[in-house]
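Descriptive analysis of the structure
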Amino acid sequence: MILHLYFARRFALSLTVITAVLGALVMLVNLIDETRRFAEYGVSLMARLGLSLLNLPETLNQILPLIMILGTVSLFISLARSSEMVVTRASGRSAMRALIAPVMVAALIGVFATTMLGPIVAATAKRYAALSSDYRAGGISALSVSEDGLWLRQGGETGQTVIRAGRSNADASVLFDVTFVAYSPDGGPARRIEAASAALGNGAWSLRLAKVWPLAAGINPEANAVEHETLELPSTLTLDRIRESLGTPTGVSIWEMPDFIAQLEQAGFSTRKHQVWLQAQLARPLFLIAMVLVAAAFTMRHTRFGGTGTAVLSAVLLGFSLYFIRSFAQILGENGQIPVLLSAWAAPIAAIWLGLGLLLRAEDG
């Protein structure tokens, strides 16, 4: 048990150092990227630094498999150079038993990343999106999905407009059972519009079977209502921005994802992307364990045998290959080419078996 705790402490220290180094590099790259992105909007340095900090958890969450590989490589190379791995094997412990502590640490980190880091990333990603929208366009748009339907907000020089739709088609290009409530720049309601459908394109909403009620003071709204077969309303929204807001599962906590998927289905959207993301998050601990096994298979050897650089490069390249295969499988699942469960769980399980096979071959021939 003492040896397991020692390996676990060394592994946690390696992961901490690598995370700190990569986090600093990510912050620098994010700051440069935010400077380039918001250069024409006059955003201050402190605001850009805040955006970089908000974007940091999501980036670290994405590169967590890489951190796990590098941490494992760092651990076993340091143990090999100090001959601690040789002493461990001489005491009668096999390589598989020496991996118990790193695997347990990887599993705990995977559970933490799924249950706690994921919600943190969701909160920071949502705040980042809101601030980016504010800096770019003065906060002209916002989107949410609830049991009451789809809610949008757009704005401009003439004021803000709140849009509610009962449902939408799968790609959010057409809204049905739509209500527009326009507000004047001073904040008071200006008019209300109800339409059977609304299609967004070329910078305007195209409404069908619309009825407009003026809401100015001293006017009878119903008496002055006007019906239109078709009606065009200017819009500052774009389909890409709406789809981006709906199509980013990282902006939703894993604890809220099942309800969010149900609400999306009720609103008429496709939820395969969110279902694949949910299953991939649940399978994350297995994938991190696989990264530890694969990295250990190439580095659990004494440095006197040589080829340390080649072994490290092979471990990193194989880890990247597994990550690419996992991402490709998720894309196939999102497109409906393979079942959701297969796209999320097949790659981590196969990677674990690959790592075990490499370890057994290296140990027993």
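Overview of the structure. (Residues numbered from 1 in each chain as written. Predicted model: local features only at pLDDT ≥ 70, side-chain atom pairs only at ≥ 80, totals over all residues. Heavy atoms only, no water.)

1. Let's talk about the overall build of the chain
Each helix and strand counted, the chain has twelve helices and seven strands in total. Counting every position in the chain, which comprises 365 residues, the buried fraction comes to 44%. Put simply, of all contacts in the chain between residues at least 6 apart along the chain, 63% involve residues at least 24 apart. Of the accessible surface of the chain, which amounts to about 18,300 Å², a share of 63% is contributed by carbon and sulfur atoms. (Helix = DSSP H or I, 4+ residues; strand = E, 2+ residues; numbered from the N terminus. Buried < 20%, exposed > 50% of the residue type's maximum accessible area, 1.4 Å probe, protein only. Contact = heavy atoms within 4.5 Å. Areas by Shrake-Rupley, 256 points an atom, 1.4 Å probe, with all protein chains shown as cover.)

2. Brief notes about the nonpolar core
One broad rule of soluble globular proteins: the nonpolar side chains tend to lie buried together. Ranked by size, the top nonpolar core spans 48 residues in total, and within it Met68, Phe76, Leu99 and Met300 carry the most contacts. When residues of this core are traced back to their parent elements, those giving at least two are helix 1 (2-37), helix 2 (45-62), helix 3 (64-81), helix 6 (100-137), helix 10 (284-299), helix 11 (308-334) and helix 12 (340-364). In terms of residues, this core owes the most to one element, helix 10, which gives eleven residues. Here Phe76 is in contact with Met85, Leu99, Pro102, Ala296, Thr299 and Met300, once residues within four sequence places are set aside. (Core = buried A, V, L, I, M, F, W, Y, C linked by side-chain atoms within 4.5 Å.)

3. Considering the packing of helix 1 against helix 3
Orientation of helix 1 relative to helix 3, taken along the N-to-C sense of each, is 130°, at an axis distance of 8 Å. With respect to each other, helix 1 and helix 3 are oriented oblique. The chirality of how helix 1 crosses helix 3 is right-handed. Facing Tyr6, Phe7, Arg10, Phe11, Ser14, Leu15, Ile18, Thr19 and Leu22 of helix 1, the residues of helix 3 in contact are Ile67, Met68, Leu70, Gly71, Thr72, Ser74, Leu75, Ser78 and Leu79. By residue class, the composition of the contact of helix 1 with helix 3 is eleven nonpolar, six polar and one charged. (Axes fitted to C-alpha atoms, helices over the stretch in contact; angles between N-to-C directions. Parallel < 35°, antiparallel > 145°, perpendicular 65-115°, else oblique. Left-handed = near helix turned anticlockwise from the far one by under 90°. Nonpolar A, V, L, I, M, F, W, Y, C, P; charged D, E, K, R; others polar.)

4. Quick look at the layout of surface pockets
Computed from the structure, the second largest pocket encloses a volume of approximately 480 Å³. Lining the second largest pocket are 23 residues, and of these Gln62, Thr250, Trp277, Gln281 and Gln330 sit closest to its centre. For the lining of the second largest pocket, the elements supplying multiple residues, two or more each, are helix 2, helix 9 (272-282), helix 10 and helix 11. Among the elements that line the lining of the second largest pocket, the one with the most residues is helix 11, at six residues. Counted by class, the lining of the second largest pocket contains ten nonpolar, eight polar and five charged residues. (1 Å grid on protein atoms, 1.4 Å probe; cavity = no way out; pocket = protein on both sides within 12 Å on 5 of 7 lines; lining within 4 Å. Points joined across faces, edges and corners; volume = space filled by probe spheres on them.)

5. Focus on the side chain of Thr179
With respect to the helices, strands and loops of the structure, Thr179 is situated in strand 4 (residues 174-183). Residues within four places of Thr179 in sequence aside, it is in contact with Val162, Ile163, Arg164, Arg192, Ile193 and Glu194.

6. A short note on the packing of aromatic side chains
As enumerated under the stated definition, the model contains four aromatic pairs in all. An angle of 75° between the planes, with centres 5.8 Å apart, marks the rings of Phe180 and Trp205 as edge-to-face. One end of the pair, Phe180, is in strand 4; the other, Trp205, is in strand 6 (residues 204-214), with 25 residues separating them in the sequence. When the ring of Phe287 is compared with that of Tyr323, the centres are 6.5 Å apart and the planes differ by 50°; the resulting orientation is tilted. Here Phe287, found in helix 10, pairs with Tyr323, found in helix 11; they are 36 residues apart in sequence, far enough to count as distant. Residue class for Phe287 comes out buried when judged on its relative accessible area of 2%. Overall, Tyr323 belongs to the partly exposed group, its relative accessible area being 29%. Over the ring of Phe287 we find Arg326; its NZ or CZ atom is 4.6 Å from the centre of that ring. (Phe/Tyr/Trp six-rings, centres within 6.5 Å; stacked < 30°, edge-to-face > 60°. Lys NZ or Arg CZ within 6 Å of the ring centre and 35° of its normal.)

These results come straight from atomic positions and should not be treated as a statement about function.
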